[in-house]
Amino acid sequence: MSTAATAAFAAANPARDAAYATPLDKLDPSRPELFAADEMWWNFQRLRAEAPVHYTAESAYGPFWSVTKYNDIMAVDIDHQTFSSEPGIMMVPPLAPGETPQLEGLAMFIAMDPPKHDVQRKAVSPAVSPTNLQILGPLIRERAAAILDGLPIGEEFDWVDKVSMELTAMTLATLFGMPQEDRRKLTYWSDVVTAEPGHGVVETREQKMGIFRDYHAYFTQLWNERVNAEPTGDLISMLAHDPATRDMSPMEYFGNVMLLTVGGNDTTRNTMTGSVYALSKNPDQYAKLMADPSLLPSMVSETIRWQTPLSHMKRRATRDVEFRGQQIKKDDTVVMWYVSGNRDDEVIERPNDYIIDRARPRQHISFGFGVHRCVGNRLAELQLQIVWEEIMKRFPEINVVAEPKRVRSNFVKGYESMRVVIPRRY
Amino acid sequence: MATIVYVEHDGTRHEQQVTDGWSVMEGAVKNGVPGIDADCGGAAACATCHVYVDPDWLAATGERTDQEAEMLNFAENVESNSRLSCQIEVTPALDGLVVTMPESQH
């Protein structure tokens, strides 16, 4: 641990004190306000040490088990027979009495088990195949170059808005075969999908449903255009023509669109912002990268670990099971905290530190393991790699001038905005 | 000990002495042979140690495990001789085994 980090650990720390003062059985690591404040770490540090498989009886999301150690998370992730992804992989508040689900029948392949999951996943995976990435690479580079060339010099701006959102939205619009002028609809819809009403993005459940109607209508039109045309190689065309997906219900199609929107945009967007933030916080690592650009792929993996753009994935026990000495009952909710697994010092040395030349930087749990492992992981890495290659050609430094504003979510671990200044070009 | 022959996608050959009990994946990663990522560290939980087993060695290396087959189901350019190299344990019987890497691990 760096001297600064050690000092921070020793100093007065109300968040840490609160985490350790709470009786263990009352500990609730899911509270989104802790993630907004970047103060969730202490709960997870305590859980890994004292109760690595832990039950929270009461929370805004109902009762749930937390799995917080790297190897335990992997064990749950690969045992899809015992730990099902159905009906959903994100913690959501339970319905109030008398409330009915407003998106009845919504389904997506990340929240399905084999064999149905397998055929739907395979229908879309060609979009991110090595062959397709070779085609996408030059396009991403051209766009990254244009975005970076257009940035102001010596003037404060929001990196999230001007770079991370722009580039990832452009890529996703291309994958969907959408007109580029509609790309920022995708970033907005992505934020709405994961937003809890009442905290900024949307105010009410009704408002959220209204936005979903526009989102759904937009993609219904895309489907209708593709289904009656020859296959065009974009994701919508693939879904509309593949025998495994062409007869999906409208809600199943919409669910998969949501999955690809969030998975294809939000995660890379936030890791791209995280890379600038982490390097700015760790000038020694930035200097190391500048001195040896061959560290770039390793820096990309380390950033994906350090950022952990999705904090958790949720499972449902399909049977009573004893796991690490705990009795998990059939239908219990089990939450794998990736954000905690990536800080487990039993597997990752000095896990709180950002070290771009780690011995095994690809050893992280951000992409998950098993059949649901991130389908777009190579596209994510490619975008990060390219944007940094282009940054390093242009700018000797990017200064983060204020703490970023973090997303209030226990699922999306990201940044709403981050003010930066680029002092000069080469 | 067994000599394992790792052939990169471009044809570059690496002959490595590998300790009995290690996996074919470990024999590559621990000796710095490029082309195998092994993100999950050897649990058949990703598919980034994908190799093609030389047809002469298929009987000696055995069958895919269920979980391995599940992960290979989502890998790229899978052939009938595709294996996850973390699931092949090195024994003296595998002395001379030839495995070839795919173009990229996915």
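Refer to the structure printed above.
Okay, so let's go over this structure. Remember, it's a predicted structure, so these values are computed and weren't measured experimentally.

The next point concerns the interface of chain A and chain B. Taken residue by residue, the interface counts 23 residues in chain A and 19 residues in chain B. Summing the contributions of chain A and of chain B, the shared interface buries around 1,700 Å²; its carbon and sulfur component is 52%. It is A:Pro130, A:Arg362 and A:Arg378 that lose the most area in chain A upon contact with chain B, and together they represent 27% of the buried surface on that side. Put simply, chain A and chain B have 4 salt bridges between them. As a salt-bridge pair, B:Asp37 and A:Arg362 come within 3.9 Å of each other at their nearest N and O atoms. Counting across the chain A and chain B interface gives 9 residue pairs in polar contact (both at pLDDT 80 or more). Elements that contribute at least two residues to the side of chain A that touches chain B include exactly α5 (70-78), α6 (116-124) and α7 (130-149) of chain A. In terms of residue count, α6(A) provides more of the side of chain A that touches chain B than any other element does, 4 residues in total.

The next point concerns the sheet that holds strand β1 (residues 53-56) of chain A. Residues and elements named next belong to chain A. Strand order in the open sheet formed by 5 strands is β1-β2-β8-β5-β3, and the pairing between neighbours is mixed. Looking along the sheet, the strands with just one partner apiece sit at the ends: β1 and β3 (83-84). With 2 bridges joining them, β3 and strand β5 (residues 312-317) adopt antiparallel strand pairing. Along β5, the bridge assignment pairs phenylalanine 83 with alanine 317. α5 rests against β1, β2 (64-67), β3, β5 and β8 (333-337) of the sheet, and its axis sits at about 130 degrees to β8.

Basis of the calculations
Residues numbered from 1 in each chain as written. Chains lettered and ligands numbered in written order. Predicted model: local features only at pLDDT ≥ 70, side-chain atom pairs only at ≥ 80, totals over all residues. Heavy atoms only, no water. Contact = heavy atoms within 4.5 Å. Buried area = accessible area lost by both parts, 1.4 Å probe. Salt bridge = Lys/Arg side-chain N within 4 Å of Asp/Glu carboxyl O. Polar contact = N/O pair within 3.5 Å; in protein donor to acceptor, adjacent residues only side chain to side chain. Helix = DSSP H or I, 4+ residues; strand = E, 2+ residues; numbered from the N terminus. Pairing = 2+ DSSP bridges. Axes fitted to C-alpha atoms, helices over the stretch in contact; angles between N-to-C directions.

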